Amino acid sequence: MSRFSNLGHKLYQGEISFDFVGRRKLWYSISAVIVLVAGIGLAMGLHLGIEFKGGSVYTVTKPGLTVSQTQEAVDKIVSSHPLVQSTDNGKIRIQVSSEDKTTSAEVTGKLSQELGVPVGEIEAQVIGPSWGEQISNKALTGLVIFMILVTIYLAIAFEWRMAVAALVALIHDLLITIGVYALVGFEVTPGTVIGFLTILGYSLYDTVVVFDTVKENTKGITKQNKLTYSDAANAGLNQTLVRSLNTTVVALLPVAALLFIGGGLLGAGTLNDISLALFIGLAAGAYSSICVATPLLAQLKEEAPEMKALAKRVAQRRAADAKAAVAKEAGEAGEAEEIADEDLPAGMVGQRGRPAGTTRAKGRPSTKR
């Protein structure tokens, strides 16, 4: 832990620096591959929950009843591949698609016989597809309003280029999360939508923290000729790197517990819908704030005329400094050579490249008349 804190101190002081901005083509390529895979998942289609496509939900209360026992019983009753999950309070939840023509009363009666459960212990709920359509529209409306408010806030608090970079990072995170969700085949429920909206807020927070540091580092940057905008932005990114990683790890630990322990080991399947969205979204948000948002911001800023002029001045200064350094090294080498010649014993070469006996000793007159 002390090594990690020392690394954070060195990154903040500029003693160590990772060139994230300079390698933006690499990060763009990685993101393009991930988004492409996510796009393939989306093309395969999302597994919408019953709240969105309509159907019936049956909740069975019986101590000791397992998911496999319930799945075997319900498969005998309906033919539309029902989904069976265990809930957080130990109950079994059965989802039957609206495409199935078996009536609710018939399903309840046969479940009672197959599972040995009183009819009163089976709760039935019918959900129409129109309700799911309303939920989808409200979620989409909320997403659009969120994006508009984010754009306005970033444009006022920072500038339009930062707003564009942040929006690209947000869309990047959404596409990856939804694509992975489609590839895994988890059911999309209202909890999933909540998870999607949550990761948007987290991703934005992480990006704003980095942008705030970049803004401080680039204040009055055109008045000097040592650093380009990309150099200053990369320095700000390195200063907040450890903070971003710490925040991400701390946020991922409880989400991982929900996903792998709650949903995996304990079998609480209803936790999977929100925990997977949060897990993928938090990881994608940390990646995008470091490898997508800031490099894209630097690229947009470098296109501004004043930043192009700054980059030209910085390049000229660095070329002059390099030339001066070469000249200095050459001068130091010449002085060292003269000192070495003076220290040579008598009879040896007095000057580099001249044979012994032809070099005049320093301070002696010539013997020729």
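Residues numbered from 1 in each chain as written. Predicted model: local features only at pLDDT ≥ 70, side-chain atom pairs only at ≥ 80, totals over all residues. Heavy atoms only, no water.

Within the chain one finds twelve helices and six strands. By the burial criterion, 39% of the 369 residues in the chain qualify as buried. Here the contacts in the chain between residues at least 6 apart in sequence split such that 75% fall between residues at least 24 apart. If you sum the accessible surface of the chain, you get close to 20700 Å²; carbon and sulfur atoms cover 61% of it. (Helix = DSSP H or I, 4+ residues; strand = E, 2+ residues; numbered from the N terminus. Buried < 20%, exposed > 50% of the residue type's maximum accessible area, 1.4 Å probe, protein only. Contact = heavy atoms within 4.5 Å. Areas by Shrake-Rupley, 256 points an atom, 1.4 Å probe, with all protein chains shown as cover.)

It is worth spelling out helix α11 (residues 272–302) at this point. For α11, spanning 31 residues, the distance from its first C-alpha to its last is 43 Å, which sits close to the expected 45 Å at 1.5 Å a residue. Along α11, the sharpest change in direction is near 45° and occurs at Ser288. With respect to burial, α11 is a largely interior element, 25 of its 31 residues being buried. (Expected span 1.5 Å × (residues − 1). Bend = angle between axes of the 7 residues up to and from the residue.)

Looking now at the packing of helix α2 (residues 24–44) against helix α7 (residues 160–184). Relative orientation of the contacting elements α2 and α7 amounts to 50°, with a least axis distance of 7 Å. Considered as vectors, α2 and α7 are oriented oblique to each other. Considering how the two elements wind past one another, α2 and α7 form a crossing that is left-handed. Residues Ser31, Ile34, Val35, Val37, Ala38, Gly41, Leu42 and Met44 of α2 lie in contact with α7, whose contacting residues are His172, Leu175, Ile176, Ile178, Gly179, Ala182 and Leu183. Residue composition of the contact of α2 with α7, by class: eleven nonpolar, four polar and no charged. (Axes fitted to C-alpha atoms, helices over the stretch in contact; angles between N-to-C directions. Parallel < 35°, antiparallel > 145°, perpendicular 65-115°, else oblique. Left-handed = near helix turned anticlockwise from the far one by under 90°. Nonpolar A, V, L, I, M, F, W, Y, C, P; charged D, E, K, R; others polar.)

On to the packing of aromatic side chains. Here the structure, examined in full by the defined rule, presents three aromatic pairs. Relative to Phe196, the ring of Tyr181 lies with its centre 5.9 Å away and its plane at 75°, an arrangement referred to as edge-to-face. Note that Tyr181 is positioned in helix α7 and Phe196 in helix α8 (residues 190–217), a separation of 15 residues in sequence. Tyr181 gets classed as buried once you look at its relative accessible area, which sits at 1%. Taking relative accessible area as the criterion, Phe196 reaches 13% and is therefore assigned buried. Through successive ring pairs, a cluster of aromatic residues spans Phe18, Phe20 and Trp27. (Phe/Tyr/Trp six-rings, centres within 6.5 Å; stacked < 30°, edge-to-face > 60°.)

In terms of nonpolar packing, the biggest core is built from 54 residues, with Phe20, Leu154, Leu170, Phe211, Tyr229 and Leu297 touching the most fellow members. Going through the elements one at a time, α6 (129–157), α7, α8, α9 (229–239), α10 (241–265), α11 and α12 (305–342) are the ones with two or more residues in this core. Tallying contributions element by element places α11 first for this core, with twelve residues. Once residues within four sequence positions are removed from consideration, Leu170 is found in contact with Phe146, Met147, Val150, Leu200, Ser203 and Leu204. Ranked by size, the runner-up nonpolar core spans 16 residues in total, among them Val84, Val107, Leu111 and Ile122. (Core = buried A, V, L, I, M, F, W, Y, C linked by side-chain atoms within 4.5 Å.)

It is possible for side chains of opposite charge to pair when their charged atoms get near one another. Inspection of the entire model under this criterion finds eight salt bridges. For the salt bridge of Glu159 with Arg161, the shortest nitrogen-to-oxygen distance reads 3.0 Å. Arg161 matches Glu159 in its accessibility class, with the two residues each being buried. What you see here is one network of salt bridges that share partners, running through Glu159, Arg161 and Lys301. (Salt bridge = Lys/Arg side-chain N within 4 Å of Asp/Glu carboxyl O.)

Scored by pLDDT, the chain comes out at a mean of 78, with 81% of its residues at no less than 70. Here helix α1 (residues 2–13) is the element of the chain with the lowest mean pLDDT, 56, and α2 is the one with the highest, 90. Per-residue pLDDT stays below 50 along residues 343–369; that stretch engages in 14 contacts with residues further than four places along the chain or on separate chains. (pLDDT = per-residue confidence, 0-100.)

Moving on, we come to the pairing of strand β2 (residues 55–60). In terms of residue burial, β2 counts as a mostly covered element, since six of its six residues are buried. Burial along β2 is two-sided: the face carrying Gly55, Val57 and Thr59 and the face carrying Ser56, Tyr58 and Val60 are both buried. Where β2 meets strand β5 (residues 122–127), six bridges bridge the pair, whose relative direction is antiparallel. Note on β5: the bridge partner recorded for Tyr58 is Ala124. (Pairing = 2+ DSSP bridges.)

Further remarks concern helix α4 (residues 67–75). Every buried residue belonging to α4 is among Thr70, Ala73 and Val74, and all of these are buried. Down the axis of α4, the buried side of the element spans an arc of 95°, and every buried residue falls inside it. Away from its buried face by more than 90 degrees, α4 exposes Ser68 and Glu72. The inward-facing, buried residues of α4 abut β3 (83–86), β4 (92–97) and α5 (104–115). (Arc of directions from axis to C-beta.)

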